[in-house]
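Observations on chain architecture
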Amino acid sequence: MPEKVLMKGNEAAAEAAILAGCRHFFGYPITPQTEIAAHMSNRMPKIGGIYLQAESEIGAINMVLGASAAGVRTMTSSSSPGISLKAESLSYLAGSDLPAVLVNIQRAGPGLGGIQPSQADYWQATRSSGHGDYKMLVFAPSTVQEMVDLVVDAFYLSDKYRMPAMILSDGLLGQMMEPVVFDESKVKKAPEKPWATCGHGDKREHNIITSLFIDPYDLDAVVKARYERYEHIKENEQRYEEYCTKDADIIVVSYGASARIVRSAVDAARKEGIKAGMIRPISVWPFPDKPILSKINDVKAFLCVEMSMGQMVDDVRLAVNGKKDVKFFGHTGGVVPTPSEVLEEIKKINRGA
Amino acid sequence: MKFEKPKALTDMPFHYCPGCSHGIVHRLIAEVIDELGIEGRTVGVAPVGCAVFAYNYFSCDMVQSPHGRAQAVATGIKRANPENMVFTYQGDGDLAAIGTAETIHAAARGENMTVIFINNAIYGMTGGQMAPTTLIGQVTQTSPYGRDPKTAGYPMKVCELLSTLDGVALAQRVSVDTVKNVKEAKKAIKKAFEYQMEGKGYTIVEILCVCPTNWGLSMKDSLKWLRGTLMPNYPVGVVKDTGAKCKSKVKEVK
């Protein structure tokens, strides 16, 4: 059994990438994710890997694009304003069917915003990180251990489906210390990559990595084929946790750091005799609509709690499709909701307010 | 002697306009790849611009980069597989405008790769707009009264700019307007690839090219303009060559 170590979320994300076989990390400093780059710069030279500090977030993500095209497991990390800069190449990665792992330790926006934790990049991550029709796999850890497990899985799934994967976390998780285990037995090897541009060695035709399809009918077909893959992923890769949902009248939907607060609020509500529960999306794309649909007839209402003005609530409403009330509670700007605030919202719904 | 297509070019016909220099430069790169016997381990990076379809023309592995990001992409390729020979092929808008940061920092890091830089003083693919390399007074679609330095600044001399950086092993400007110059251009490209093989660092060959379509000139007048106007502003020759200056001091990095 591997031993438990106490680690910050950011450092754990970096170490998990190394565990997953990532030996090429391209970074750029930005608060509150800089420990990822610092950890990589410390570890990579010792294990024959590459830590390269790029000239910008744009530079870093394009180095990732090159390394991914060359066939290796590669990663970059940033925080909200830096992710906006990476948007262009996320679109190119998706359009070129290239795997890569990207960590977003979200901070408050818009603009320079603030450096406190936030979940206001949900739309960006799940809807429109860049231009064009495409999706990324997006995973949202709620504990430091889950950060480790999801980083490891993100490498595997990104390779499997040949698409970028994002860890959508926040400054709270990134800066928090918890005991974690790095379990090598959970690592799945990268598949063969016969498409990689690593030199044909006079043994095959040349490989071309491109996102350009000048004939509109070609592009239409390529994107539609990609969307068939997305449908398969929606069906097979939804991840979520259900907490006290079996007999719940009120289900709170919350992810990442805010789900930790919701868990306390649900416990407090139960103590007061209110049948509250929680659905915690772990994959936010694909969004887990299955547990919501399975509970839709049994609950009075849903409550969505986020550190934003309400973004994931859209996905909850799409799943619920008007059949039940979906309320929202959140703070933004780096303010973290408290369990008593969430409890108060649950009570309001319970009173029928 | 039989005139043959280099092995490092595919059979796909070029789409370039009549008179365009891209065809000559593609051929020179392919000849160098053949002569050095490196096609199997070469990876090229195509830009956004007329030469984006370079990925169809070179027989080696090819990656298409976002606009201006070719040298960051090439950095990722090279760092992943240092045994690969990596080159980028970029125009002046791609390299010297939107890709300035990627260019300067790849050079500053001394990334061991080769940059083929096409300078035709104009944006080609989008239809002839002002580029960073557009000359003072030059009329383009977006400098219809001629480039005025008071509002549009001055042309960038990329080789001279990069030559101040310690990571640069070779910065040379050539032209492909005459047989003699084509031969010089090929020598420079070959030297750049050889330096990369020897691990000497960042190499850039800037090539003065014609764009008759967007210059609005005949082929004959294009060559005349290149020699009479472009070349005096961008003199051909070696701007920096660490191999020539201190050959014995350069360590080979494997």
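See the structure printed just above.
Cut-offs applied
Residues numbered from 1 in each chain as written. Chains lettered and ligands numbered in written order. Predicted model: local features only at pLDDT ≥ 70, side-chain atom pairs only at ≥ 80, totals over all residues. Heavy atoms only, no water. Phe/Tyr/Trp six-rings, centres within 6.5 Å; stacked < 30°, edge-to-face > 60°. Helix = DSSP H or I, 4+ residues; strand = E, 2+ residues; numbered from the N terminus. Buried < 20%, exposed > 50% of the residue type's maximum accessible area, 1.4 Å probe, protein only. Lys NZ or Arg CZ within 6 Å of the ring centre and 35° of its normal. Contact = heavy atoms within 4.5 Å. Pairing = 2+ DSSP bridges. Axes fitted to C-alpha atoms, helices over the stretch in contact; angles between N-to-C directions.

Once that is clear, we can look at the packing of aromatic side chains. Applying the stated criterion across every chain yields a total of eleven aromatic pairs over all chains. On the basis of an interplanar angle of 75° and a centroid distance of 5.6 Å, the ring pair of A:Tyr230 and A:Trp285 is categorised as edge-to-face. Of this pair, A:Tyr230 sits in helix 8 (residues 216–236) while A:Trp285 sits in strand 13 (residues 283–285), placing them 55 residues apart in sequence. A:Tyr230 gets classed as buried once you look at its relative accessible area, which sits at 2%. Pairwise contacts between aromatic rings join A:Tyr227, A:Tyr230 and A:Trp285 into one cluster. One cation-aromatic arrangement involves A:Lys188 over A:Tyr156; the distance from NZ or CZ to the ring centre is 4.6 Å. If you follow B:Lys200 out to its NZ or CZ, it ends over the ring of B:Tyr195, 4.5 Å from the centre.

Residue and element names in this part refer to chain A. In this fold, Lys86 is placed in helix 4 (residues 80–95). Distance from Lys86 to Asn62, taken between C-alpha atoms, is 8.4 Å for residues 24 residues apart in sequence. Filtering out sequence-adjacent residues up to four positions away, Lys86 remains in contact with Glu57, Ala60, Ile61, Thr76, Ser77, Ser78 and Leu102.

Our focus in this paragraph is the sheet that holds strand 3 (residues 50–53) of chain A. Residues and elements named next belong to chain A. The mixed open sheet is built from seven strands, whose spatial order is 3-2-4-5-7-6-13. In the strand order of this sheet, the two ends are held by strand 3 and strand 13, each with one partner. On average, each strand axis in the sheet is tilted by 20° relative to the strand beside it, whichever way the strands run. Across four bridges, the pairing between strand 2 (residues 24–27) and strand 3 is parallel. The residue bridging Gly27 from the neighbouring strand is Gln53, located in strand 3. In the packing of helix 6 (residues 144–161) onto the sheet, the strands contacted are strand 4 (74–78), strand 5 (100–106), strand 6 (137–139) and strand 7 (164–170), and the crossing angle to strand 7 comes to about 160°.

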